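# Structural characterization, general
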2 protein chains.
Amino acid sequence: MERPTRLAAALLGLTLLGAPALHADSPARTPTPKELLDKSSAQEWRTPDPQNLLLMQLPQGKVVIELAPDFTPLHVANIRTLVREHYFDNMAVVRVQDNFVTQWGDPEDDDKGDKAKLKPLGSAKATLPPEYTRPMDAKLPFTALPDGDVYAPEVGFSEGFPVARDKASGQAWLTHCYGMVGVGRDIDPQTGNGSSLYAVIGQAPRGLDRNLAVVGRVLQGMEFLSGLPRGTGPLGFYEKPEQRLSIRSAQLVSELAPAQRPKIEVLRTDSATFAALIDAKRNRRDDFYRNPAGKIDLCSINIPVREAKASP
Amino acid sequence: MERPTRLAAALLGLTLLGAPALHADSPARTPTPKELLDKSSAQEWRTPDPQNLLLMQLPQGKVVIELAPDFTPLHVANIRTLVREHYFDNMAVVRVQDNFVTQWGDPEDDDKGDKAKLKPLGSAKATLPPEYTRPMDAKLPFTALPDGDVYAPEVGFSEGFPVARDKASGQAWLTHCYGMVGVGRDIDPQTGNGSSLYAVIGQAPRGLDRNLAVVGRVLQGMEFLSGLPRGTGPLGFYEKPEQRLSIRSAQLVSELAPAQRPKIEVLRTDSATFAALIDAKRNRRDDFYRNPAGKIDLCSINIPVREAKASP
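Bear in mind the structure is a predicted one, so any value in this text is a computation, not a measurement. (Residues numbered from 1 in each chain as written. Chains lettered and ligands numbered in written order. Predicted model: local features only at pLDDT ≥ 70, side-chain atom pairs only at ≥ 80, totals over all residues.)

### Details of the overall build of chain A
Check the secondary structure of chain A and you find five helices and 17 strands. Burial status across chain A gives 48% buried among its 312 residues. Summarising the internal contacts of chain A: among those between residues at least 6 apart in sequence, 69% fall at separations of at least 24. (Helix = DSSP H or I, 4+ residues; strand = E, 2+ residues; numbered from the N terminus. Buried ≥ 20, exposed ≤ 12 C-beta atoms within 10 Å, placed from the backbone. Contact = placed C-beta atoms within 7 Å.)

Here you go:
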C-alpha cells in the first residue's frame, strides 16, 4: 500500500493491512489490496513458465525476471542461450543512473575496457533484428485501461506485462514501466543482443518505447537493482571497478532442479481480482484519501507477485 | 541524457556531450540538452530565493530542496520554523519504500516509538490546514505542456515546479513527480505539519495529488535519497534503528553566511531554452532514436539545475 503516513504502525493496523476496526461500518470504503488478494481464487494466479524465468544472484539477494517471448522472441531466445552458457556469471552491474536505469553486462564493454577481454558470446548471436513492436493479435489477451495514455493510443496488460497498442499501425509493444527489463544496444538497432540488460528504476522513460527491445519484467528482488548507489560517471556508470556489483550467476529456472526453483505466482492481468485492484487504486474511498484520482496511469499499476503455497 | 547504451564512452563522445563528429552535417538532428543549455542566456536562469532553499546534510552528502511557498505557504512557513529551531538535526531517514517514497523525520513517530521521546515541535504548529490545491491566478506563470495528462485536465510548470490545473474548479496544485517533496500526515488532513517529509523516488504516484501537501522539489542530492537500501518493514520502514540514516543538520540557506551558501541556478520553466529542451525530448531525431515519441509526460521532464559561476 502506498501513502506517506506519519504513524505507520497505527495506520497499518487500521487500514493498510485490512483490519476492519475503523471502517467496518462504511460500505463505501475502498477495499485494500490485501482484502482483494485474500479473496482471489487460485485460478486467478499463474505460475510463470520456468523457461521464462531468469534467476540472477546478486550479493544482496535474488532477482527474478520473467521473460516475454511473445513480444521479443529472438531476444529472449538469445538471452536464454547466453544464460545457459553462463555468460552472465561473474559479469557486473556497471551502471546506475538515477531516475532512469540500472544496467548490467560485461564491464569491458565500454571504450575504457579492453576489447580483447570481452567475454565471448558463445553460441549466442551478436546481432538481432530490433523487435521493438509486434503485430497485434486477437489471440494475445489484452486488458485495456480506461484512462488514456500520453504516449500511445491504447494501453493495458497482456500476459502479465504492461503493453501499448496502436490500431492504426496494428502494432503492440511492451512499455518502459518501472521494473521492466530491456536490451541495451549501440546506435545500430541490430546491435542489441541481450548481453547488456537494463531495468527501469525511475519515472517510466516512455520515450524509449519502440526504440529498444523490452524483454521482460522483474518479479522479485527489484529493490536490489533500484536501491544501489548511483554511478557518478557520465550516464551513471560506476567510475571505479570496485563500485560495480558482481553477478554471481544467472540461471534459467527451467535448468534448476525442482526443489531449487523459486515458487512464484503472478496475478493474472485478465483476472477479476486484477480489475478490482485497478478500480480500487483509481477510486480510493477511505478516510486518508479525500480526493480520489478517478484515473490511473499504466505504469502506476503493480502486478502482484506472491510465493506459491507449498504443494499439499 | 537518457538511453541505455552498450558503448557508453563512444556514444558520449559522439552525441551525448554534443561533440559534432557524427551529425554535424545533419540539419534535422535533434540538439542535445548540453547543446541547448550551452546556448542559453544568463537571464534564462534564476537563483532560488535563499529563504526557499533547505540544505540537508546526510552522511553521503548534501540534499538541497527548493520550497514552494506560492503553493503551500503555511506548510512552508512551518517547515522554515522547524528548520530554524533545528528540529531536523539528528532526525533520521526512517523509510525507503521501493518505487514510492523516501521519508524522514522523528524515528519515535510510530507506534513502536515512545511518544514521550518525541522531539518537541517548538514554535511550529502541530496542525495546519491541508493546502492540497490553490486557486489559479493569472499572476502565477504557467507553461502548459501540449500532450495531455492521465490525471488532470492541464499540466505544465509554474515557477520551476510541475503543476496540474483544473479550470472547472479554478484550482492548481503541485504534482507528485520524481524528486518532489511532500508532507506526511496521519488520517486527519490537519495532521500534516512538516515534521515528517517524503521525496518521491519512483514512478510518479499521481494518485496522491490533491491528497497531501506538496512543498517543494529536490534540486541537488536526489541520489542520496533514492539510492538507499529499501526498508524491509511494512511500508518500507527500516526495521532496525541502525538501518536509519542520520540527518546531521537541516538549515535554511538564508541563515547561512554568504560564503557557505550553495551556488545554485535553476533553468526558468518559462524560458525559451526550457521549451526547446522539452521539444527536443518529445521529438528525438538522431541515429539512436528510430521512433521519436512525439509526446512527453509531465513527470518525464527534468528541470536543469547548475552550479552558478563564481562572481567576477
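Next comes the rest of the account.
### Concerning the nonpolar core
Note that soluble globular proteins tend to have their nonpolar side chains buried in a common cluster. Ranked by size, the top nonpolar core spans 150 residues in total, and within it V215 of chain A together with V215 of chain B carry the most contacts. It is strand β2 (residues 53-58) of chain A that contributes the most residues to this core, five residues altogether. Counting contributing residues per domain, this core is built from domain 1 (20-46 + 266-307) and domain 2 (50-262) of chain B, each supplying no fewer than three. Excluding residues within four positions of it along the chain, V215 of chain B makes contact with L67, A68, T72, H75, V76, I79, V181, G182 and V183 of chain B. (Core = buried A, V, L, I, M, F, W, Y, C linked by C-beta atoms within 7 Å. Domains from an automatic or database assignment.)

### A closer look at helix α5 (residues 272-282) of chain B
Residues and elements named next belong to chain B. Of all the positions in α5, only F274, L277, I278 and K281 are classed as buried. In a view along the axis of α5, the buried residues occupy a sector of 95°, so they form one face of it. Contact partners of the buried residues in α5: α2 (33-38) and β16 (264-267). (Arc of directions from axis to C-beta.)

### Brief notes about the interface of chain B and chain A
The partner chain A presents 71 residues to the 69 residues of chain B that form the contact. Every element with two or more residues in the side of chain B that touches chain A is listed here: α1 (8-16), β5 (101-105) and α4 (222-226) of chain B. Sorting elements by how many residues they give to the side of chain B that touches chain A places α1 of chain B first, with five residues. Looking at the side of chain B that touches chain A residue by residue, the classes come out as 30 nonpolar, 16 polar and 23 charged. (Nonpolar A, V, L, I, M, F, W, Y, C, P; charged D, E, K, R; others polar.)

### A short note on the sheet that holds strand β11 (residues 180-183) of chain A
Residue and element names in this part refer to chain A. If you walk across this open sheet you meet the nine strands as β14-β4-β5-β12-β11-β13-β3-β2-β15, and the pairing is antiparallel. Two strands close off the open sheet at either side, each with one partner strand: β14 (245-246) and β15 (249-252). Where β2 meets β15, four bridges bridge the pair, whose relative direction is antiparallel. Within β15, the residue paired with L54 across the bridge is L252. Set on the sheet, helix α3 (residues 73-84) makes contact with β2, β3 (61-67), β11, β13 (214-220) and β15; between it and β15 the angle comes to about 120°. (Pairing = 2+ DSSP bridges. Axes fitted to C-alpha atoms, helices over the stretch in contact; angles between N-to-C directions.)

### Some thoughts on the relation of the copies chain B and chain A
Screw-axis analysis of chain B against chain A gives a translation of 0.0 Å along the axis, an RMSD of 0.0 Å, and a rotation angle of 180°. The symmetry that links the two subunits is that of a two-fold axis. Mapped onto chain A, 100% of the interface residues of chain B are again interface residues, and the two copies thus contact each other with one and the same surface. (Least-squares fit on C-alpha atoms with pLDDT ≥ 70 in both.)

### Quick word on unusual backbone geometry
Even without a glycine there, the phi angle at E159 of chain A is positive, about 50°. Secondary-structure assignment places E159 of chain A in the loop between β8 (154-158) and β9 (161-166). At N90 of chain B, a residue that is not glycine, the phi angle is positive and equals roughly 70°. Inspection of the secondary structure assignment puts N90 of chain B in the loop between α3 (73-84) and β4 (92-96). On the basis of neighbour counts, which here come to 13 C-beta atoms within 10 Å, the residue N90 of chain B falls in the partly exposed class.

### So, the pairing of strand β11 (residues 180-183) of chain B
The side chains of a regular strand alternate between both faces of the sheet. Residue and element names in this part refer to chain B. Burial along β11 is two-sided: M180 and G182 facing one way and V181 and V183 facing the other are all buried. Two elements, β11 and strand β13 (residues 214-220), share three bridges in a ladder whose sense is antiparallel. By the bridge assignment for β13, M180 is matched with R217. Bridge count for β11 against strand β12 (residues 197-200) is three bridges, and the pairing is antiparallel. Considered in β12, the bridge of G182 is made with Y198.

### Structural notes on the sheet that holds strand β16 (residues 264-267) of chain A
All names here are of chain A. Strand order in the open sheet formed by three strands is β1-β16-β17, with antiparallel pairing between adjacent strands. Each of the sheet's edge strands pairs with one partner strand only, and the pair in question is β1 (45-46) and β17 (305-307). Inspection of the sheet shows β1 paired to β16 by two bridges, in the antiparallel sense. Counted as the bridge partner of W45 is L267 from β16.

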